[in-house]
Every structure is written in C-alpha cells, then in structure tokens.
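Coordinates in review
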Amino acid sequence: MNILEHIPLKDLTTMRVGGTARFFTAVRNESELEEALRYAKAHSLAIFVLGGGSNIVVSDAGFNGLVIKNEIYGCEFRDEEGGALVTAGAGESWDGLVEATLQRGLWGIENLSYIPGTVGAAPVQNIGAYGVELKDVLERVRAYDIETGEAREFDRGACTFSYRSSYFKETKKYIITSVTLRLKKDSMPKTDYAGIAQELADSGYGLETLSPEEMRRTVIAIRKRKLPDPSETPTAGSFFKNPEVRETVYKKLLETFPDMPGFPTKEGYVKIPLAWIIEHVCSMKGARAGDAHMFEKHALVMVHGGGARASDIQALRERIEGCVFEQVGIQIEPEVQFIGAF
Ligand code: NAP
C-alpha cells in the first residue's frame, strides 16, 4: 500500500473545487482496502472513499484524513433462467457497466444510462432516472465495516433504500467493494416519463421492437441536451434532491402557484421538481455566487466556469436553500455530498 500526502482532490472530482487530502491511497482489491483501514485506525484518521468524484464538493480546506480511492475493478456475468446476475467491482464506471449489460441484451438498467460515477457509488444514493431506481434490480452489495474492518453482504432489504438514499448514505459506516444486479432477458421498457415517450417517438423507435440499446440512446440524447458534460464544464450534476411534501402541503402551494408540477409518490406524498421552483418561484436559474452559477438549461444543476472556490458553491447553495424556504416553506437538501469542513 502506498500512502501519499497532500494530494489535490480538485482534479479527482467533476466539480473541480477544493483543497488537498492530508493522506491518500488507491486500493485495487479487498486486501489493500483492509490494509488501508488498518492504517487509518492505527493513526486515528477519518476516512473518505472516493469513486468517480461526480457527486461531491470538497472544502477549500481539503480533507484532514485518509482518502481511499476505490479502484476495485472486474465484472462477472452469471447466466440464469430468464436473465443474468452481474457482479461488478465498486471502482468500475457505472455507465460502462450499463453498456456492457445492454450489449448482452439484458434489460433493467438502460434508463440509468449516462449517469456519471462508479458502481460503488450507485447503491449509496440509490441512483435513479426516468422511473427506474437501482433498488429495482439490486440483488446484493458487499461492503466493509470501516470500524471493524470486516466484510459483510447486504441483500436488498438490508440496504434500506429510499429516494436517493440508503443505509450506506445514512450511516457512512461501510465501504462498498462490489455490487450484484439481477437483470432480465425479456423486454421491459419503462417509458412513462414524458420526455422518454417523446424522444422515442421522435427517433422512430417502436415499443414492440425496442432494444435496450435503443432505450439507452434515447436516455443519452435527452441527458446530453439538458445536462452539462462534466468533462467540459465543472459540475456535480443535480445539486439538490427533488423535495417530497405531503399532498395537503402541495395542494396549499397550488393555491399560490397553480402551475407548480407535482408527482404523487408514496401514499399522501407528492414529489415536486425543484428545478421548477428555482426557475419560476425564485427566478434563480442562472443565479451566481462568484464563478458558480445555476446552469442555464437546467436550474437544478450547479456549474462553474473553472474559477469557483468551494466557498462560492456553498454561498450559492445557501442562497437557493434560503429562497426556497422563504418562498414555499420547504427545507431542501443537497443531493451532493460536502467533504471536509464548511
Ligand atoms: P425531470 O425528468 O424533469 O423530473 C423532475 C422531477 O419530476 C423529478 O423529481 C422526477 O422524479 C419527477 N417526475 C418527472 N416525471 C415524472 C413521472 N412521469 N412520474 C414520476 N415522477 C416524475 O428531471 P431531470 O432533472 O431532467 O432528470 C431526469 C431523470 O434523471 C429524473 O428521473 C431524475 O431523478 C434523474 N436524475 C438522477 C440523478 C441521480 O440519481 N443522481 C441525477 C440527475 C438526474 P424522479 O426524480 O423520481 O425521477
């Protein structure tokens, strides 16, 4: 194991802000991870596990502990009746995995195409898009307890998934080393989102003959139009979670904002697209703090021109949170994780 010191984290994240990691190591297998955990324990270091760095904002002061970069790769398919079980190392690219499954004609994660980040990060926030969530196909997760250094297998129930969250996100006690998904051979396209149905129609894809790869192309076309490319524009994607409120609260809001969209979720709750509130209630699409601003094509996404500091990101976050609370009484939460002291 090679422990490095004072490693800049900025270029290891898609938001491209922040300071250095006091200590840093990359792990390529479970025994290297065990070694890194022992090192952190022996030196009383806090741990942060870095995957693709696509959903984090690192503080300008950096991270005063051990950053473990997860580089556990590998992907294994096991055919079974009607489909396959696929197990992938946590360091694999999520989108690379999606592509590999579609090339085998497997259905299940095509709607989750083009989401940046690693396989290991996917269960942490139960990634979801266009009516599909990771939990729908997840079979099990293998993870290490940071405290005891022991490995444990979690079945879907033990992951306690919820909207963009999980046991792993809530407890921050585990490091994921591999993820197993159960995928199907039978066609099962999920096309309920308005944008998907429209894009399919525009591309001339027929529902009866639709392949998972055509579905992937459809999702990618929509995402490319609406979202910035993190390889060109610094961003962490959707910055906040879309809030869920009680139906009674939503009905009350409709009295003031009759056009406010809402999608019923669990019984009695409604999910409100936050981008709509930021744009139409707060008029903060394009709002700025320093070099950071809310993206012109999608108000839920924060970007910067290359010169922002983490303090700018934090200032803009607070302004948006403040406005949403003041105008509609909803306390919103970031979807991105803040690393280090803010
Ligand atoms: P969008 O499709 O404009 O949707 C905005 C909000 O409305 C979301 O809360 C979405 O719920 C909800 N919504 C829209 N149509 C719906 C329908 N037919 N049924 C139920 N709920 C509906 O959002 P977007 O920002 O352009 O993103 C597109 C998709 O990618 C969304 O599903 C979004 O959640 C997803 N996404 C996921 C991540 C992530 O996992 N980190 C990051 C960026 C975007 P849902 O959020 O439940 O879909």
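In this report, we go over the structure that sits alongside the text. Because the structure is a prediction, the values reported are computed rather than measured. (Residues numbered from 1 in each chain as written. Predicted model: local features only at pLDDT ≥ 70, side-chain atom pairs only at ≥ 80, totals over all residues. Heavy atoms only, no water.)

For the rest of this paragraph, the subject is the site of the ligand. Contacts to the ligand come from 17 residues, most closely from Tyr163, Arg164, Tyr193, Lys226 and Lys271. For the ligand, an oxygen atom lies 2.9 Å from a polar atom in the backbone of Tyr130. Contact between the ligand and Lys226: an oxygen atom at 2.6 Å from a side-chain N or O atom of the residue. With the chains in place, 81% of the 800 Å² that the ligand exposes on its own is no longer accessible. Contributing elements (two or more residues each) for the shell around the ligand: β8 (128-129) and α6 (212-226). (Near = heavy atom within 4 Å. Polar contact = N/O pair within 3.5 Å; in protein donor to acceptor, adjacent residues only side chain to side chain. Areas by Shrake-Rupley, 256 points an atom, 1.4 Å probe, with all protein chains shown as cover. Helix = DSSP H or I, 4+ residues; strand = E, 2+ residues; numbered from the N terminus.)

Attention now moves to helix α1 (residues 30-42). Taking 1.5 Å per residue as the helical rise, α1 with its 13 residues ought to reach 18 Å, and the 18 Å between its terminal C-alpha atoms agrees with that figure. Burial in α1 covers these residues: Glu32, Leu33, Ala36, Leu37 and Ala40. Projection of α1 onto a plane perpendicular to its axis shows the buried side chains occupying an angular sector of 140°, all on one side. In this structure, α1 carries Arg38, Lys41 and Ala42 as exposed residues pointing more than 90 degrees from its buried face. Among the residues trailing α1, Ser44 stands out with phi positive, at a value near 50°. (Expected span 1.5 Å × (residues − 1). Buried < 20%, exposed > 50% of the residue type's maximum accessible area, 1.4 Å probe, protein only. Arc of directions from axis to C-beta.)

As a further point, take the state of the cysteines. The final tally for this structure, using the stated rule, is one disulfide. Put simply, Cys282 and Cys323 are joined by a disulfide, and their sulfur atoms are 2.3 Å apart. Measuring the twist about the S-S bond at about -110°, one finds the Cys282-Cys323 disulfide to be left-handed. Of this pair, Cys282 sits in the loop between α8 (274-281) and β17 (288-289) while Cys323 is found in helix α9 (residues 310-328), placing the two residues 41 residues apart along the sequence. With respect to burial, Cys282 and Cys323 carry one shared label: buried. Unpaired in terms of disulfides, Cys75 finds its nearest cysteine sulfur in Cys159, a separation of 18 Å. Judged by its relative accessible area of 0%, Cys159 falls in the buried class. (Disulfide = S-S within 2.5 Å.)

What follows deals with the environment of Lys241. Tracing the backbone shows Lys241 in the loop between β13 (235-238) and β14 (244-246). For Lys241, a relative accessible area of 14% gives the class buried.

Right, let's get into the packing of helix α5 (residues 194-203) against α6. Between α5 and α6, the shortest axis-to-axis distance is 10 Å and the interhelical angle comes to 115°. Looking at the two axes, α5 sits roughly perpendicular to α6. The two elements α5 and α6 cross, and the hand of that crossing is right-handed. In contact with Gly195, Ile196, Glu199 and Leu200 of α5, α6 contributes Met215, Thr218, Val219, Ala221, Ile222 and Arg225. Considering only residue class, the contact of α5 with α6 consists of six nonpolar, two polar and two charged. (Axes fitted to C-alpha atoms, helices over the stretch in contact; angles between N-to-C directions. Parallel < 35°, antiparallel > 145°, perpendicular 65-115°, else oblique. Left-handed = near helix turned anticlockwise from the far one by under 90°. Contact = heavy atoms within 4.5 Å. Nonpolar A, V, L, I, M, F, W, Y, C, P; charged D, E, K, R; others polar.)

To continue, consider the sheet that holds strand β16 (residues 269-271). Here we have three strands laid out as an open sheet, ordered β14-β16-β15, and antiparallel in their pairing. Whereas interior strands pair on both sides, the edge strands pair on one side only; in this sheet they are β14 and β15 (263-264). Relative to β16, β14 runs antiparallel, the two sharing three bridges. Counted as the bridge partner of Glu244 is Lys271 from β16. Taken strand by strand, helix α7 (residues 247-256) contacts β14 and β16, and its axis lies near 90° from that of β14. (Pairing = 2+ DSSP bridges.)

Taken as a whole and judged by the stated rule, the model has 21 salt bridges. For Glu335, the salt bridge goes to Arg164, with nearest N and O atoms at 3.9 Å. With a gap of 171 residues between them, Glu335 in the loop between α9 and β20 (337-339) and Arg164 in the loop between β11 (151-155) and α4 (167-171) connect regions that are remote in the sequence. The burial state of Glu335 is the same as that of Arg164; both residues are buried. Two residues, Arg225 and Glu199, come together in a salt bridge whose shortest N-O distance is 2.6 Å. Taken as a pair, Arg225 in helix α6 and Glu199 in helix α5 lie far apart in primary sequence, 26 residues in all. Overlapping salt bridges, with partners in common, bring together Glu133, Lys135, Asp136, Arg164 and Glu335 in one network. (Salt bridge = Lys/Arg side-chain N within 4 Å of Asp/Glu carboxyl O.)

The next point concerns the sheet that holds strand β2 (residues 20-27). The strands that make up a sheet are held in pairs by hydrogen bonds between backbone atoms, and each pair lies either parallel or antiparallel. Taken in spatial order, the four strands make up an open sheet running β1-β2-β5-β3, and their pairing is mixed. Each end of this open sheet is capped by a strand with a single partner; those strands are β1 (4-8) and β3 (47-50). Between one strand and the next, the sheet's axes are offset by a mean angle of 45°, whatever the strand orientation. The sheet contact formed by β3 and strand β5 (residues 63-70) spans four bridges and is parallel. The residue bridging Ile47 from the neighbouring strand is Leu66, located in β5.

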